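Next come the chains, spelled out residue by residue.
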Amino acid sequence: MNTRFTKILASLTFALAILWGLTFIGTAVSHLGDDGAVCVKTGFWANATLEGGLPVGQGVEASSSTTRLCQNNPSTAQRAADLGGQLPWMLFASLALLLFSRLLKAVVSQGPFTDEVARRLTVLGWFVTAGTPLAGLVVGWSQSWLTASMVPMLDSGPTVAEPQVLILAGLAAVIMGKIMREGVRMREDLEGTI
């Protein structure tokens with residue numbers, strides 16, 4: 001195993017975790033003091049016909065896929081919902097990178113096939129598995145509420161934002177952690193019998 005590469009990767013992921021954490025804090029602080037407009041994109045009017053709005057050729061139909069809504073002088077709740085649409089993924093990325101960095105540091109210090117590495121891989125997997133839908137729910141619901149606050153005819157309800165495919169990566173890490181833990185136990189049993 002290339003320990004120098006793993007050390008560099010561990011340092012890089014730790015630096016990225018700190019960078020994402022600072023971005024999280026900076027975005028939160030800058031938006032709290034900001035008095036500008038709050039904007040959200042919605043697909044509610046997807047495939048709506050744009051009657052006479054665009055100069056298109058004969059036989060061409062124009063439709064909208066997303067609409068951008070902006071609220072000047074937003075309320076505190078709208079500003080909070082705007083933050084809820086941005087901050088969860090930043091926090092999730094920062095914490096996931098921090099856990100991954102700790103996993104790599106354990107690999108460097110103890111080797112790849114140890115109980116500590118298997119445990120940290122399992123923790124990372126469960127964090128990604130549970131954190132992905134949670135962050136997606138906070139982002140989706142925040143955007144849904146913000147859209148409904150600007151367009152009263154819309155209902156706000158629980159919506160999950162993309163990408164949820166990370167759940168599969170988290171479950172794969174949990175399974176690999178369990179497999180590694182069993183491999184470590186089998187190796188310890190084999191060493192104990194010899």
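The structure we're discussing is the one just above.
Throughout, residues of each chain are indexed from 1 in the direction in which the sequence is written. The predicted nature of this model means local features are confined to residues of pLDDT at least 70 and side-chain atom pairs, given and counted, to a pLDDT of 80 or more, with totals for whole chains, interfaces and linings taken over all residues. Computation of side-chain values covers all heavy atoms of the structure but excludes hydrogens and water.

**Observations regarding the pattern of salt bridges**
Thinking step 1. For salt bridges, the criterion is a side-chain nitrogen of Lys or Arg within 4 Å of an Asp or Glu carboxyl oxygen. Going through the model one piece at a time under the given rule, you end up with four salt bridges.
Thinking step 2. Between Arg 181 and Asp 115 there is a salt bridge; the shortest N-O distance is 3.3 Å. You can see Arg 181 sitting in helix H5 (residues 166-193) and its partner Asp 115 sitting in helix H4 (residues 115-150), a full 66 residues away along the chain.
Thinking step 3. We classify Arg 181 as buried; its relative accessible area is 17%.
Thinking step 4. Here Glu 116 and Arg 120 are joined by a salt bridge, their closest N and O atoms 2.7 Å apart. Taken together, the residues span about one helical turn, with Glu 116 and Arg 120 both in helix H4 at a distance of four residues. Think of it this way: any DSSP run of H or I at least four residues long counts as a helix, any run of E at least two long counts as a strand, and we number them from the N terminus. Note on exposure labels: buried denotes an accessible area under 20% of the residue type's maximum, exposed denotes more than 50%, and partly exposed covers the range between, all computed with a 1.4 Å probe on protein chains only.

**Here's the deal with the nonpolar core**
Nonpolar side chains tend to gather and get buried jointly when the protein is soluble and globular.
Thinking step 1. The biggest cluster of nonpolar side chains holds 12 residues, and these are Phe 92, Leu 103, Ala 106, Val 107, Val 117, Ala 118, Leu 121, Leu 124, Val 128, Ala 135, Ala 173 and Met 180.
Thinking step 2. Contributing elements (two or more residues each) for this core: helix H3 (87-110), H4 and H5.
Thinking step 3. Here this core takes six residues from H4, the largest share from any one element.
Thinking step 4. Among all residues touching Val 128, those that are not within four sequence positions of it are Phe 92, Pro 133, Leu 166 and Gly 170. Here, nonpolar core means buried Ala, Val, Leu, Ile, Met, Phe, Trp, Tyr and Cys residues that are tied together by side-chain atoms lying within 4.5 Å of each other. Two residues qualify as a contact provided that any one of their heavy atoms is within 4.5 Å of a heavy atom in the partner residue.

**Structural notes on the pairing of strand S1 (residues 38-42)**
Thinking step 1. The side-chain alternation of S1 yields one buried face, formed by Val 38, Val 40 and Thr 42, and one unburied face, formed by Cys 39 and Lys 41.
Thinking step 2. Strands qualify as paired when DSSP identifies two bridges or more between them. Alignment of S1 against strand S4 (residues 67-71), held across five bridges, turns out to be antiparallel. Bridging from a neighbouring strand, Cys 39 pairs with Cys 70 of S4.

**Things to note about a nonpolar patch on the surface**
Thinking step 1. Each patch is built from salt-bridge-free residues with over 30% relative accessible area, joining like charges within 9 Å and nonpolar side chains (Val, Leu, Ile, Met, Phe, Trp, Tyr) within 5 Å. Only the protein chains shown count as cover for residues, and the accessible areas themselves come from Shrake-Rupley with a 1.4 Å probe. Together, Phe 14, Ile 18, Leu 22, Ile 25, Val 29, Leu 91, Leu 95 and Leu 98 make up a nonpolar patch on the protein surface, roughly 680 Å² of accessible area in all.
Thinking step 2. Mapped by element, the contributors of at least two residues to the nonpolar patch are helix H1 (3-33) and H3.
Thinking step 3. The residue Leu 95 is located in helix H3 in this model.

**Topic: the packing of aromatic side chains**
Thinking step 1. Each pair of aromatic rings taken from Phe, Tyr and Trp, with Trp reduced to its six-membered ring, is defined by centres within 6.5 Å and is described as stacked if the planes are under 30 degrees apart, edge-to-face if over 60, and tilted in the remaining cases. Summed over the entire model, instances satisfying the criterion amount to two aromatic pairs.
Thinking step 2. Grouping aromatic residues by their ring pairs yields a cluster made of Trp 89, Phe 92 and Phe 127.
Thinking step 3. Over a ring means this: the NZ of a Lys or the CZ of an Arg is within 6 Å of the ring centre and within 35 degrees of the ring normal. Taking NZ or CZ as reference, Lys 105 lies 4.6 Å from the ring centre of Phe 14, over its face.

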